[in-house]
Structure formats: C-alpha cells, structure tokens
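Here is how the chains run, residue by residue.
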2 protein chains.
Amino acid sequence: VRLGPGTEFDLIRNLVGEPGADARVLVGPGDDAAVLEEGWVVTCDLSVEGVHFRRDWMSPEELGGRAMRAALSDLAAMAAEPVAVLLALGGAVADHRSGYLLAVGRGARQVAEALGGSLAGGDVTRSPGPLIIDVTALGRAAEPVLRRGARVGDDVWVTGALGGAAAAVALLNDGREPGPDLRRCLTHPEPRIEVARRLAATGVLHALLDLSDGLAGDAGHLAAASEVAVEVDATLVPVHAGAREALHVERALALALHGGEDYELLFAADPAFRAESEALAHELGLTLSRVGGVHEGSGVRLRLADGRVVEAGGGWDHFGDPGGAGP
Amino acid sequence: VRLGPGTEFDLIRNLVGEPGADARVLVGPGDDAAVLEEGWVVTCDLSVEGVHFRRDWMSPEELGGRAMRAALSDLAAMAAEPVAVLLALGGAVADHRSGYLLAVGRGARQVAEALGGSLAGGDVTRSPGPLIIDVTALGRAAEPVLRRGARVGDDVWVTGALGGAAAAVALLNDGREPGPDLRRCLTHPEPRIEVARRLAATGVLHALLDLSDGLAGDAGHLAAASEVAVEVDATLVPVHAGAREALHVERALALALHGGEDYELLFAADPAFRAESEALAHELGLTLSRVGGVHEGSGVRLRLADGRVVEAGGGWDHFGDPGGAGP
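Summary of the structure given here. (Residues numbered from 1 in each chain as written. Chains lettered and ligands numbered in written order. Predicted model: local features only at pLDDT ≥ 70, side-chain atom pairs only at ≥ 80, totals over all residues. Heavy atoms only, no water.)

**Concerning the sheet that holds strand S5 (residues 118-126) of chain A**
Stage number 1. Read from one edge to the other, the open sheet built from 6 strands follows the order S1-S2-S3-S6-S4-S5 (chain A), with strand pairing classed as mixed. For this open sheet the edge positions go to strand S1 (25-27) and S5 of chain A, each flanked by a neighbour on one side alone. Ignoring strand direction, the axes of neighbouring strands in this sheet form an average angle of 25°.
Stage number 2. Across 9 bridges, strand S4 (residues 81-91) of chain A lies against strand S6 (residues 132-140) of chain A in antiparallel orientation. Residue pairing in the sheet places Leu89(A) in a bridge with Ile133(A) of S6(A).
Stage number 3. Where helix H1 (residues 7-16) of chain B meets the sheet, it contacts S4 and S5 of chain A, and its direction lies at approximately 155° from that of S5(A). (Pairing = 2+ DSSP bridges. Helix = DSSP H or I, 4+ residues; strand = E, 2+ residues; numbered from the N terminus. Axes fitted to C-alpha atoms, helices over the stretch in contact; angles between N-to-C directions. Contact = heavy atoms within 4.5 Å.)

**So, the relation of the copies chain A and chain B**
Stage number 1. In screw terms, the move from chain A to chain B is a rotation of 180° and a rise of 0.0 Å along the axis, fitting with an RMSD of 0.0 Å. On the angle and the small slide along the axis, the relation comes out as a two-fold axis.
Stage number 2. An overlap of 100% is found between the interface residues of chain A and their copies at the interface of chain B, pointing to a shared contact surface. (Least-squares fit on C-alpha atoms with pLDDT ≥ 70 in both.)

**Considerations on the sheet that holds strand S8 (residues 205-210) of chain B**
Residue and element names in this part refer to chain B.
Stage number 1. Strand order in this open sheet of 7 strands is S8-S10-S7-S11-S9-S12-S13, and the pairing throughout is mixed. Of all strands in the sheet, those bounded by a partner on one side alone are S8 and strand S13 (309-311). The average undirected angle you get between the axes of adjacent strands in this sheet is 30°.
Stage number 2. The sheet contact formed by S8 and strand S10 (residues 265-269) spans 5 bridges and is antiparallel. From the neighbouring strand, Leu 208 faces S10, where its bridge partner is Phe 267.
Stage number 3. Where helix H7 (residues 193-200) meets the sheet, it contacts strand S7 (155-159), S8 and S10, and its direction lies at approximately 0° from that of S10.
Stage number 4. Each of S7, S8, strand S9 (229-233), S10 and strand S12 (299-303) is contacted by helix H8 (residues 215-226), which is oriented at about 140° to S8, the strand it contacts most.

**Topic: helix H11 (residues 273-284) of chain A**
Residues and elements named next belong to chain A.
Stage number 1. Within H11, burial applies to Phe 273, Ser 277, Leu 280 and Ala 281. Taken down its axis, H11 places every buried residue within 105° of arc, on the same side. Away from its buried face, by an angle of more than 90 degrees, H11 presents the exposed residues Ala 275, Glu 278, Ala 279 and His 282.
Stage number 2. Taken together, the buried residues of H11 touch strand S7 (155-159), helix H7 (193-200), strand S10 (265-269) and strand S11 (288-295).
Stage number 3. Just beyond H11, the residue with positive phi is Gly 285, at close to 65°. (Buried < 20%, exposed > 50% of the residue type's maximum accessible area, 1.4 Å probe, protein only. Arc of directions from axis to C-beta.)

**Re the interface of chain A and chain B**
Stage number 1. With 69 residues of chain A at the contact, the number on the chain B side is 69 residues.
Stage number 2. For the pair chain A and chain B, the number of links is 4 salt bridges.
Stage number 3. One can count 27 residue pairs in polar contact (both at pLDDT 80 or more) joining chain A with chain B.
Stage number 4. Of the residues contributing to the side of chain A that touches chain B, the split by class is 35 nonpolar, 19 polar and 15 charged. (Salt bridge = Lys/Arg side-chain N within 4 Å of Asp/Glu carboxyl O. Polar contact = N/O pair within 3.5 Å; in protein donor to acceptor, adjacent residues only side chain to side chain. Nonpolar A, V, L, I, M, F, W, Y, C, P; charged D, E, K, R; others polar.)

**As for the packing of H7(B) against helix H11 (residues 274-284) of chain B**
All names here are of chain B.
Stage number 1. At a closest axis distance of 11 Å, the pairing of H7 and H11 adopts a crossing angle of 150°. Compared by their axis directions, H7 and H11 come out roughly antiparallel. H7 and H11 meet at a crossing whose hand is right-handed. Taking contact as the criterion, the partners of Val 195, Arg 198 and Leu 199 in H7 are, on H11, Leu 280, Glu 283 and Leu 284.
Stage number 2. Among the residues making up the contact of H7 with H11, the classes are represented as 4 nonpolar, no polar and 2 charged. (Parallel < 35°, antiparallel > 145°, perpendicular 65-115°, else oblique. Left-handed = near helix turned anticlockwise from the far one by under 90°.)

**Some remarks on the packing of aromatic side chains**
All names here are of chain A.
Stage number 1. Applying the stated criterion to the full structure yields 7 aromatic pairs over all chains.
Stage number 2. Plain terms: the ring middles of Trp 157 and Phe 273 are 4.9 Å apart, the flat faces sit at 85° to each other, and that makes the pair edge-to-face. Of this pair, Trp 157 sits in strand S7 while Phe 273 sits in helix H11, and the two are 116 residues apart along the sequence.
Stage number 3. On the basis of relative accessibility, which here comes to 0%, the residue Phe 273 falls in the buried class. (Phe/Tyr/Trp six-rings, centres within 6.5 Å; stacked < 30°, edge-to-face > 60°.)

**Notes on the pattern of salt bridges**
Stage number 1. One pass over the full model with this rule turns up 46 salt bridges over all chains.
Stage number 2. Between Arg147(A) and Asp32(A) there is a salt bridge; the shortest N-O distance is 3.1 Å. With a gap of 115 residues between them, Arg147(A) in the loop between S6 and S7 and Asp32(A) in the loop between S1 and strand S2 (34-36) connect regions that are remote in the sequence.
Stage number 3. The shortest N-O distance in the salt bridge between Glu261(B) and Arg66(B) comes to 2.4 Å. One end of the pair, Glu261(B), is in the loop between helix H10 (249-258) and S10; the other, Arg66(B), is in helix H2 (residues 60-76), with 195 residues separating them in the sequence. Each member of the pair, Glu261(B) as well as Arg66(B), carries the same accessibility label: buried.
Stage number 4. Through salt bridges with shared partners, a single ionic network connects Asp31(A), Asp32(A) and Arg147(A).

**A word on the side chain of Ser73(B)**
Residue and element names in this part refer to chain B.
Stage number 1. With respect to the helices and strands, the residue Ser 73 is situated in helix H2.
Stage number 2. Look at Ser 73 and you get buried, because its relative accessible area is 0%.
Stage number 3. For Ser 73, the contacting residues outside a window of four places in its chain are Pro 191, Asp 210 and Tyr 263.

**Looking at unusual backbone geometry**
Residue and element names in this part refer to chain B.
Stage number 1. At Glu 38, a position not held by glycine, the phi torsion is positive, near 70°.
Stage number 2. Mapped onto the fold, Glu 38 is located in the loop between strand S2 (34-36) and strand S3 (40-48).
Stage number 3. Positive phi, close to 60°, is recorded for Tyr 263, a residue that is not glycine.
Stage number 4. On the secondary structure map, Tyr 263 appears in the loop between H10 and S10.

**Concerning H7(B)**
Three or four residues apart is the spacing at which side chains of an α-helix point the same way, because the helix has 3.6 residues per turn.
All names here are of chain B.
Stage number 1. All of the buried residues in H7 are Ile 193, Val 195, Ala 196 and Leu 199. For H7, the arc enclosing every buried residue in end-on projection is 165°, short of the 170-degree limit, so these residues lie on one face.
Stage number 2. Where H7 is buried, its residues touch H2, strand S4 (81-91), S7, S8, S10 and H11.

As far as function goes, none of this settles anything; it's purely spatial.
In structure tokens:
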C-alpha cells in the first residue's frame, strides 16, 4: 500500500500488508476508495465526536450532512458518480430520546439525496458516549482516476481555495466566531463530484485525489502512490481569502498545507491541460490553480517565496501530531 | 419500512420515512442488507466497546473477527456470497501504540478472507475512548431471499442452536467463565453463508433473515416485513445445550428468545420443505428445527409447554430494555 508518511498510514500498511490477488477487487486499500468489478467504487468514512467534530460547532443536521459530504468526496476523488449510501449511527440513549440522533441522520440523508445517492441501509446503535457517524458510499465510474499515474513533467493542480475549514476550526478553538464564508467551509464542504467527472473527461488527468489531509499530506499520498516527487510552490497555493483575513498569512498558508478537510480536488495533469484550464474553470465556476509539478524522486517539497526549498511535512494524522483541523 | 417493534426500529422508521423510488436500489432499508442493481448486496454493522463487547471478554483478534462475522452474517441472511469488505476502526492513541488496534484489524481481515471477502478498503481514526469497529460487507446474490415473502401456512425454521452467545455473556456478567463451547458461540459465531445458499436453492424458501436480535425480535421483523403473524412453539426452540446446562432451563430459553447474536438463520418455508429437511440437515451437518408457523394477523405469539399462548415480547433493543447480550 503506497501511502504518504504518518503513523495512521503505518497502521494501514501493517494491516493490509501485501493485498491478495482477487479479480473482483480492481483497486484495493490505499486509494480514496476501492474499485470492484463492473466499475463499482466503494468507500467508508468514520467520524467520531471529539476527534472530527464537536457538537457545539454546528447543528445536528449539519454534523450529519458534513459526514456525508466527506464520504461522498471520496467518490468524487475517483471521478465516480454516487449511487447509494449506508449510514451507521451510534449515540447515547439521551441523544436518541431527544431526537438529536434522528436529526443527525436526517441531515446526512438529505445531503446524500441531494448529491445523487439513495439511503439504502445502515445501522443504528447505542454508544457509551461519543456520537459516531460512519458513512459507506457506493458509486460507479466508467473509468476511475486513481492516485497512482502521475508522471514526471506533469503539473499539479487544485480546485477552489484551501484552508477554510481548518481556519474555521482554529477560530472556534480560539473562542472566536468564524464568518459565514469560513463557517460554511466547515459545515458545507462541497464534494466535487461533477467537477471531477468533467476534469476526467479531458483525458489528460493522470492522478486524482481529494484534499482531506491537507495539501502537503495528500500530495504525499499522490507522490507515494505514483512513485514520484511533488514540488509545491507556496506562492501559488490558493489560500482561502477568509482564512487570510481572519488569521496571519503564514498561519493561513500552514492550515492550507497541513490543516485538512477542504474536500477540494488535487490532481496531476499533462501540461496540455494548461491550454484548456481557463475555459474549464469558467465553465465550472471554480478556480483551478496550478500549484506545482511532478519530478523524479519521492516525497513532497515546498518552494518558499524566498526561493528556499524545504520538506513540506505531513498532513492531518490522527495518531501523530494533529494538524489544524479537529478539536 | 416494515420492522418489528422497538425504539431502535422507531428511529429507523422515522429516519427513512417513505423511501424514494430509485431503480438502482432494489431493496432499501429494513432488510438484513440492501440490494443494488446487478445483484449487489451491501450491509454495514457498527460494533462499539461497552455496548457490543467488552475487551476483557476476548482477544483483540477475536473482537475483530466477531465484528466481521456479524457483518458477513447479514450477507448470509440474503443468501448472498461475500465479495469484499471495508473495515473502519476507531481507537485511542494508546491502542494504536500498543498494537491492539492492529490486532483487531488483523482478526477482522483473517475472518473476511477465510469466508471469501477481500479487504478492499476502510478507514482508521482516533477515538476519544471506546473501540469502534464498523464493517461494510459487499456480496452478490443471483436471487436474494428477503424478509418479506412469508405466506400463511408456511412453517418457520431455524438453523443450529440458540442462546449460546447470550448465555456466555450472562455468565461473564455474573463473573463466571463459560465453557469452551459457549465461549465459542460468542467469539466465533458462524455466518451461515453456504447454508443459506443451499436452503435458497431448494426453491421453497419464502423469507429469510439472520438471528441477531433473538428469535422473538427477529420473528417480529419477519412478521412485520411479510405482514403476517408468527407463532413460535416454545417446546420446539433448539436451546443451546451448554446454555441449558450452565443456566436454568427457563433462563436459557429466555436468552434463545430475546438474547440475540446467535447469527443462525430464521426462515419461512413452504410445508413441502419438511420432506427434504432431514436429508438436507444431514448434508449440511447442522440441525434444522421447525419452531412454528405463519398465520393471518401480525406480531409474534409464543405457545408455551402448558398450552397457553402469549405475546412473545421483543428482542435486543439498543435504546430500550437490553436483552441478554451486551455488557
């Protein structure tokens, strides 16, 4: 399993080892989602109170919706179209009695249906404390785009603006109220489902993933999966304007690089993509930023404004030093 | 959604409401698993420490294996064959550092592979305390057998012996050590995958589910889904011999009816099945017990040894009065 550095990913490497050969599993562990026979793309995403969210940050409907958005983003990251979702919820008896758990479930269901996935099943159970939301998302892709496949000489691009969700969390953790734009980055991240399919249709995308661990962390996954090095130019990273305004410029950039949970897309494309990027960005109503390139080697390097080139460091890691997001 | 009584199922009813029409989802919430286009059968099963298990009951490998067995039993309950699984694990940092979380994952993976499902993906995250295991199981069935379909005049059957897992839990909760047979009911329940497919091949099965909520609770789901009444003859219930020996006969029967987590099969079949049941049981190496019948009406009735007929009561309910299983 070729993933970037981090103790969380060490555990996955140890668990999976050398995956067995199974003709029914076309892509196994290590990508944003698995690919099964007939183009089925499946992923699950576990959100736990106190780790991924705090309930004083948003309404129960928003909590459920956000968990669903995060899971569906993993389908977008494969250029897949949602078909169905399973929703597993765990909550305390009091959360059931008060209707809180139902509100979380309804929020998740509404987002799934709005984005094309039917609620097909799930599980409900008691929790000894923390709210637990696990979403399984099932989709289909005629030609899924994987993390592996980036080639030396490719450009590296991202969609949208980065660091907004992590900035909102940073403000909340500082006891400050994020403005509506930043708050929305946290509560309503947009899985780039249609954008990914449109990008894949250009035919010049070589690798694709979504930004859940921060640009540095996810570029590390891209580099590891493709067995290349990625160089990111710090001056080209599209840091969210609200994050730049509310925090120091340096801190906002750090959150864009290491904070995670933006759910924008990161992709490697042939330089031929440059010619069509502007028209495509206009068509999609979304900025497309060329942030770096693919080189021989391994890992992620960051080119700073002063010309120095440094190791980029990792992203969000549940078992290591946490990045910007999470309580 | 036609499920039996219980506050846990009320929440599912409230959440799902009237499912929307989606040609890609052939069977939605309310059965053991969902059925998607092309015969894909998908289910998820969430196990939480302190609710579904205690870690002093078994090794981490057994905990993971048991969670996987429970999820794969839901595929058996549809007469489906496993293809792949996703494994989501949540644990404290200390459980990661000590290798405990990895051992749980390995136990789950080994069971999946032994039963025909490849580990295709998953998620690993930190938990603020309780160990969290969520398994998504994906399988295929040419002709899935549902909970609905039982007809007035059908017989009601179960495989194997019931109450063993709940008896093991009852003993552990009383500070007693269950014998190896009973302990194995808890740690190594056998998903009846091949048995279910063989039963379905007889062509006289009208409804099928697995026994996770206790016979009374699951018969309630069968009755609700099929819009019939089920009568169970208490004298015909195959109570696990180890449970009868270790506990009072009445308590063992109560655990078979309400305790849950046996993961045997419950099915309604045309009376024509009686003629072949003995040969089939011999072929499968598993007892098949006719425990009652399907009648006009609704709900589950229990015919006692003295001839009285009473309401059977419910099964395991996470948000109501707990049944026999669970800590």
